[in-house]
Amino acid sequence: MTINGTNKALSEQIALSELLCQEGFQAGKVAVELNGEVVPKTAYGTTLISESDKLEVVSFVGGG
């Protein structure tokens, strides 16, 4: 699988929410695109990620 252009090994399917946690992302502070489609935050726990998937994770940064 690929996260933000970096290849990652994935031995079995995993829930998106669990993967985000493992990779150090805070689910409430990111937007996720899976294979070109935006994943609603409400679906993070039920969306399964597999070896062939491509993820783009964007973190929100505050400032002013």
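Each remark here, short or long, concerns the structure printed above.
The paragraphs below set out a description of the structure included in this document. (Residues numbered from 1 in each chain as written. Predicted model: local features only at pLDDT ≥ 70, side-chain atom pairs only at ≥ 80, totals over all residues. Heavy atoms only, no water.)

1. Digging into unusual backbone geometry
Trans is the prevailing form of peptide bonds, just as negative phi is the prevailing case for residues other than glycine.
Here comes step 1: Of note, the phi angle at asparagine 4 is positive, near 50°, even though the residue is not glycine.
Here comes step 2: A positive phi angle, near 50°, is found at asparagine 35, a position not held by glycine.
Here comes step 3: Among the structural elements, asparagine 35 can be located in the loop between strand 4 (30-34) and strand 5 (37-39). (Helix = DSSP H or I, 4+ residues; strand = E, 2+ residues; numbered from the N terminus.)

2. Let's talk about the pairing of strand 4
Here comes step 1: Because side chains alternate across strand 4, one face comprises the buried residues Val30, Val32 and Leu34, and the other comprises Ala31 and Glu33, none of which is buried.
Here comes step 2: Where strand 4 meets strand 7 (residues 54-59), 5 bridges bridge the pair, whose relative direction is antiparallel. Among the inter-strand pairings, alanine 31 is bridged to a residue of strand 7, identified as valine 58.
Here comes step 3: With 3 bridges connecting them, strand 4 and strand 5 associate as antiparallel partners. From the neighbouring strand, valine 32 faces strand 5, where its bridge partner is valine 39.
Here comes step 4: In this structure, the hairpin formed by strand 4 and strand 5 is closed by a connection of 2 residues, where asparagine 35 is found at a positive phi of approximately 50°. (Buried < 20%, exposed > 50% of the residue type's maximum accessible area, 1.4 Å probe, protein only. Pairing = 2+ DSSP bridges.)

3. Here's the deal with the sheet that holds strand 2 (residues 6-7)
Whenever strands of a sheet pair, they do so through backbone hydrogen bonds, lying parallel or antiparallel.
Here comes step 1: With mixed pairing, 5 strands are arranged side by side in an open sheet as 2-1-7-4-5. The open sheet terminates on both sides in strands that have one partner only, identified here as strand 2 and strand 5.
Here comes step 2: Pairing analysis gives 2 bridges linking strand 1 (residues 2-3) to strand 2, with the strands arranged antiparallel. Across the sheet, residue threonine 2 finds its bridge partner in strand 2, namely asparagine 7.

4. Comments concerning the nonpolar core
Here comes step 1: Judged by nonpolar contacts, the single largest core of 16 residues is most densely connected at Leu16, Val32, Ile49 and Leu55.
Here comes step 2: At the level of secondary structure, the elements contributing two or more residues to this core comprise helix 1 (16-22), strand 4 and strand 7.
Here comes step 3: What valine 32 contacts, discounting residues up to four positions off in sequence, is Leu16, Leu20, Glu37, Val38, Val39, Tyr44, Leu55, Glu56 and Val57. (Core = buried A, V, L, I, M, F, W, Y, C linked by side-chain atoms within 4.5 Å. Contact = heavy atoms within 4.5 Å.)

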